[in-house]
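This is what each chain is made of:
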Amino acid sequence: MSLIGQSPARPDGVPKASGGARYADDFTLPGMLWGATVRSPHPRARIARIRWRPERAPTGAVCVRAADLPGPNGVMLIDDSWPILADGEVRHVGEPVALVAGGDRLAALAAREGVEIDYEPLAPVLDLETARGAPPLAELELGDPGVEEALAAAELVVEGSWRCGHQEHIYIECQAMTAWFEPDGELVVAGSMQCPYYVHKSLVHAFGLEPGRVRVKATAVGGGFGGKEDYPSVIALHAALLARASGRPVRIAYDRHEDIVATTKRHPAVVRHRTGVDRDGRLVAMDVEVEMDGGAYRTLSPVVLSRALLHAAGPYRCPRVRVRGRVLATNTATNGAFRGFGAPQVEFAAERQMDRVARRLGLDPLEIRLRNALAAGDRLPTGQVLDGTTAARPCLERAAELTGFRERWRELEAARAGRRDGEPRRGVGLSLFFHGAGFTGNGERRMRSPVEARLDPEGRIEVLTAMTDMGQGCAAIFPQIAREAGGLAEGDVVFAEPDTSVVPDSGPTVASRTTMVVGGAIARAVVDVRDRVLAWWAEREGLETGEVVDGEIRPGGVRFREVAAAYLREVGPLEVRVRHEPPSWQSFDEEAYRGAAYPTYAWGAEVVEVEVDPDTLAVRPLAATVVCEVGRAIHPTLCAGQIEGGTLQALGWALLEEVRLDEGRYLNDRLATYIIPTFKDSPRIDVHLLERPWKEGPFGAKGVGELPMDGGAPAAAAAIENAIGIPVPAIPATPERLFERRGEALAGEGAAGGGGRER
Ligand code: MTE
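Just so you know, these numbers come straight off a predicted model, no measurement behind them.

**Details of the overall build of the protein**
Logical step 1: Summing up its helical and strand segments, the protein has 19 helices and 32 strands in all.
Logical step 2: For a compact globule of 759 residues, the expected C-alpha radius of gyration is about 27 Å, and the protein comes in at 27 Å, within 12% of that figure.
Logical step 3: For the C-alpha atoms alone, the extent of the protein along its principal axes is close to 80 × 80 × 50 Å.
Logical step 4: Looking at the protein residue by residue over its 759 residues, the buried ones come to 61%.
Logical step 5: Pairs at least 24 apart in sequence give 81% of the contacts found in the protein among residues at least 6 apart.
Logical step 6: For the protein, the accessible surface area stands at approximately 27,800 Å², while carbon and sulfur atoms represent 49% of it.
Logical step 7: With 89 positive and 106 negative side-chain charges, the protein shows a separation of 2 Å between the mean positions of the two kinds.

Here it is in structure tokens:
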């Protein structure tokens, strides 16, 4: 029986649930010191002077400033423009200015008193409006010169401006890292991260060490959601600098408050649409402008913007599309990778815009989407022709059928007018969404991620990759793929820990690429090792080359592991390296923004029902029905779990989660004040998987980890509009914001509001 489509227990489940798993903050080294960070209290200031006053710090404390760095003062990501420690100027509250270490956690915190910094405050840029005056951190255009003409000729043009706020990752485990130097001078760093080789690259760059003299080990990861893509390099560098200064191992572990203050967040965005349609509601032109708040430094913003541009038109067919995007700099903490990577912001806007267009035409939300949903053979704005697994319409139809969406929406539209005061209002909203998995553009082709497989002394196949399981489940899915590909039994395949001295650089655990991209390479590597062993065995025994079924070689009935152990004894070590090969037809012109930015897309449709308190305007999500096309679900329970989790994360972003700032300082920088959904706030989430196996993915799988993040917010916002008639142009849709909007709605800017013109 095939292992694909089964849901075995995850191997990391019991250790994680029982406390057995070792997280970054769990292991202690002899003589270890604790590190702490001295941070800027100003959103922007010149650093006039920094003095280290050891007499004010506990005995034995050490301090590191920018002047003490052994090499370039830059965290190497796409470039190294993000300072490791501020030098000359601070650009956001919480920016690291100096590092200290002491004998224990309290001594480290006390050692901060020994650092004296004189600042001269400068005028900060705190919002996008002011930021427009300065050069952007990134700028891109997906152009179509025919857009203006097509808009001018359109029968109806609808304008809309949509805004989304920050989001904090709130992984369960805060950022933590330990660094030390081995007696031979090797720098070792162990901690919580998604991308061991990103951390490795930044250490090599900053310390000027040979790559082989730096070793990075990922410990168990208590959630990442993108937040452990970029920031672990910073904290690893900090721990390593303190280890260098003190000659001792150093641990830095943030508490929740520091984690919220210091680490990256989702980019807030403003997205403006001008949409041209004909009388039947068919899209004829779209002009989209995306503006994102990158915070103080560039970091990963150019790639976040790129993905945003490529998803900005939504899953809709439109012959003329132009998308222009900019990331602007503000004096707030750097914004970075977060599940969806720019797509949730633009898909929120695209979906809200479709609802607005529908209202102007008198169509319901399902109808406008059915008329415009992409189908196989359609072209994306980059010219890419969609493959046969394209499932926008099937997802829509299924979601509508499961929820009786059209009737329910109409019933609640009609009921809105007749409600008595004090009566709770119900509303339903619909969203359609898609997500391209893997690196954007030619990233996968440049990387050609290697995976290795080798025989271990017990005749098992050991697979080596740099991927980490941050909760998404690759610790369970990889063995399923490996065993199914090789015909192997449980225990015949083992996986190496992600340690850069052992595993190859199979790329970062990001971009929903783990299962789809690396999983495919794992299958090929295992098959390669198996076939070499089989060929040797057949020759030695004078047999036809057979097959392996459930760990047994047929014909013959010998255990594969025994034969593999014999191979090792008689022939010697066997190790193979295979590389991920993107589909040969996939190519993308990164200058012109033309071609296939992703080899395929996963699709989803979602219906959310909410209840709104008419007095407080508090919104309670009651039910979410999510239909996702995922290629093939390798492990349906985990796949559905990804969709449930991503949906709730999206609803949190839409309804509750608000990073409030005053003069560049977070006002709600603790879990007591930054509110994320708990079980009590969670609606019933029904997940329905559609499977259209994609021939290039392992056993047909597509990447799914980020997809559900794209659909929840627009569906929830649409449901609020259906319930109370207030358009929701900005999220989070907190009661305070809805009150502001209610004023506008009463003043005549009702649900059908927004600019535009008709011919
Ligand atoms: N699920 C859990 N439980 N924890 C996480 O940190 N990260 C998300 C998503 N799901 C995350 C998660 C992000 S940001 C990505 S890119 C994908 O998982 C990565 O997994 P995949 O490549 O297997 O889709």
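Now that the structure is up, let's keep going.
**Re the environment of His-166**
Logical step 1: Within the element layout of this structure, His-166 appears in the loop between strand 8 (156-164) and strand 9 (176-181).
Logical step 2: Residue classification places His-166 among the buried residues on the basis of a relative accessible area of 7%.
Logical step 3: The spatial distance from the C-alpha of His-166 to the C-alpha of Ala-269 is 8.3 Å, given a sequence separation of 103 residues.
Logical step 4: Once you skip the residues sitting within four places of it in the chain, His-166 turns out to touch Lys-265, Arg-266, Pro-268, Asn-335, Trp-653, Glu-657, Val-659 and Leu-661.

**Comments concerning the environment of Glu-347**
Logical step 1: For Glu-347, the location among the structural elements is in helix 9 (residues 343-361).
Logical step 2: Classification of Glu-347 by relative accessible area gives buried; the value is 0%.
Logical step 3: With 86 residues separating them in the primary sequence, Glu-347 and Phe-433 have C-alpha atoms 6.9 Å apart.
Logical step 4: Ignoring any residue separated from it by four or fewer positions in sequence, one finds Glu-347 in contact with His-311, Leu-432, Phe-433, Phe-434, Asp-710 and Pro-714.

**As for the sheet that holds strand 27 (residues 619-629)**
Logical step 1: With mixed pairing, four strands are arranged side by side in an open sheet as 16-26-27-30. Here the strands that pair on one side only, and so sit at the sheet edges, are strand 16 (425-436) and strand 30 (684-690). For this sheet, the mean angle separating the axes of adjacent strands, direction not counted, is 15°.
Logical step 2: Bridge count for strand 16 against strand 26 (residues 601-612) is 12 bridges, and the pairing is antiparallel. Paired with Phe-433 across the bridge in strand 26 is Gly-604.

**Concerning the sheet that holds strand 12 (residues 250-253)**
Strand pairs in the sheet, formed through backbone hydrogen bonds, run parallel or antiparallel to each other.
Logical step 1: Spatial strand order, 3-5-1-12-9-10-11: seven strands in an open sheet with mixed pairing. Looking along the sheet, the strands with just one partner apiece sit at the ends: strand 3 (62-65) and strand 11 (214-218). On average, each strand axis in the sheet is tilted by 25° relative to the strand beside it, whichever way the strands run.
Logical step 2: As paired strands, strand 1 (residues 33-39) and strand 12 are joined by two bridges and run parallel to one another. By the bridge assignment for strand 12, Trp-34 is matched with Arg-251.
Logical step 3: Contacts from helix 6 (residues 231-246) reach strand 1, strand 3, strand 5 (96-102), strand 9, strand 10 (187-191) and strand 12, with the element oriented near 35° to strand 9.

**Here's the deal with the packing of aromatic side chains**
Logical step 1: Under the counting rule described, the total for this entry stands at 11 aromatic pairs.
Logical step 2: Their ring planes at 25° and their centres at 6.0 Å tell us that Phe-478 and Phe-495 sit as a pair that is stacked. Here Phe-478 is found in helix 14 (residues 474-486), whereas its partner Phe-495 is found in strand 19 (residues 493-495), with 17 residues between them in sequence.
Logical step 3: Assessed through its relative accessible area of 3%, Phe-478 is described here as buried.
Logical step 4: The exposure class assigned to Phe-495 is partly exposed, which follows from its relative accessible area of 27%.
Logical step 5: Seen in terms of ring centroids, Trp-536 and Tyr-567 are 5.3 Å apart; in terms of plane orientation they differ by 75°. Their pairing is edge-to-face. Here the residue Trp-536 occupies a position in helix 15 (residues 514-541), and Tyr-567 occupies one in helix 16 (residues 560-570), the gap between them amounting to 31 residues. Tyr-567 shares its class with Trp-536; the two are buried.

**A word on the site of the ligand**
Logical step 1: In the region of the ligand, 17 residues are neighbours, and Gly-224, Phe-225, Met-470, Thr-514 and Gln-642 sit closest.
Logical step 2: Phe-225 is positioned with one of its backbone polar atoms (N or O) 2.8 Å from an oxygen atom of the ligand.
Logical step 3: Protein burial of the ligand: of its 520 Å² of free accessible surface, 91% is covered by the chains.
Logical step 4: For the shell around the ligand, a count of residues per class yields four nonpolar, 10 polar and three charged.

**What to know about the nonpolar core**
Logical step 1: In this structure, Leu-203, Val-290, Trp-603 and Ile-720 are the most contacted members of the largest nonpolar core, which totals 145 residues.
Logical step 2: Here this core takes 10 residues from helix 6, the largest share from any one element.

**Remarks on the confidence of the model for the protein**
Logical step 1: Confidence in the prediction of the protein, expressed as mean pLDDT, is 96, and 98% of residues score 70 or more.
Logical step 2: Low pLDDT, under 50, characterises residues 749-753; the stretch is placed with 13 contacts to residues that sit more than four places away or in other chains.

**Section: empty space enclosed by the protein**
Logical step 1: Enumeration according to the criterion identifies seven cavities of 30 Å³ or more in this entry.
Logical step 2: In this structure, the largest cavity encloses a volume near 110 Å³.
Logical step 3: Lining of the largest cavity is provided by 16 residues; of these, Trp-82, His-92, Pro-96, Tyr-231 and Ala-262 occupy positions nearest its centre.
Logical step 4: Residues belonging to the lining of the largest cavity are distributed by class as follows: nine nonpolar, five polar and two charged.
Logical step 5: Estimated volume of the second largest cavity: approximately 80 Å³.
Logical step 6: Lining the second largest cavity are 15 residues; nearest its centre among them are Asp-355, Arg-359, Pro-365, Trp-409 and Ala-718.
Logical step 7: For the lining of the second largest cavity, the secondary-structure elements that each account for two or more residues are helix 9, helix 12 (405-418), strand 16 and helix 18 (712-724).
Logical step 8: In terms of residue count, helix 9 provides more of the lining of the second largest cavity than any other element does, four residues in total.
Logical step 9: In terms of residue class, the lining of the second largest cavity is built from eight nonpolar, two polar and five charged.

**Concerning the side chain of Ser-512**
Logical step 1: Among the structural elements, Ser-512 can be located in the loop between strand 19 and helix 15.
Logical step 2: In this structure the side chain of Ser-512 is engaged in a polar contact, spanning 2.7 Å, whose partner is the side chain of Glu-706.
Logical step 3: The contact partners of Ser-512, leaving out residues within four places of it in the chain, are Ala-437, Gly-438, Gly-703, Val-704, Gly-705 and Glu-706.

Rules used throughout
Residues numbered from 1 in each chain as written. Predicted model: local features only at pLDDT ≥ 70, side-chain atom pairs only at ≥ 80, totals over all residues. Heavy atoms only, no water. Helix = DSSP H or I, 4+ residues; strand = E, 2+ residues; numbered from the N terminus. Rg over C-alpha atoms; globule rule 2.2 N^0.38 Å. Buried < 20%, exposed > 50% of the residue type's maximum accessible area, 1.4 Å probe, protein only. Contact = heavy atoms within 4.5 Å. Areas by Shrake-Rupley, 256 points an atom, 1.4 Å probe, with all protein chains shown as cover. Lys, Arg positive; Asp, Glu negative; His and termini not counted. Charge placed at Lys NZ, Arg CZ, Asp CG, Glu CD. Pairing = 2+ DSSP bridges. Axes fitted to C-alpha atoms, helices over the stretch in contact; angles between N-to-C directions. Phe/Tyr/Trp six-rings, centres within 6.5 Å; stacked < 30°, edge-to-face > 60°. Near = heavy atom within 4 Å. Polar contact = N/O pair within 3.5 Å; in protein donor to acceptor, adjacent residues only side chain to side chain. Nonpolar A, V, L, I, M, F, W, Y, C, P; charged D, E, K, R; others polar. Core = buried A, V, L, I, M, F, W, Y, C linked by side-chain atoms within 4.5 Å. pLDDT = per-residue confidence, 0-100. 1 Å grid on protein atoms, 1.4 Å probe; cavity = no way out; pocket = protein on both sides within 12 Å on 5 of 7 lines; lining within 4 Å. Points joined across faces, edges and corners; volume = space filled by probe spheres on them.

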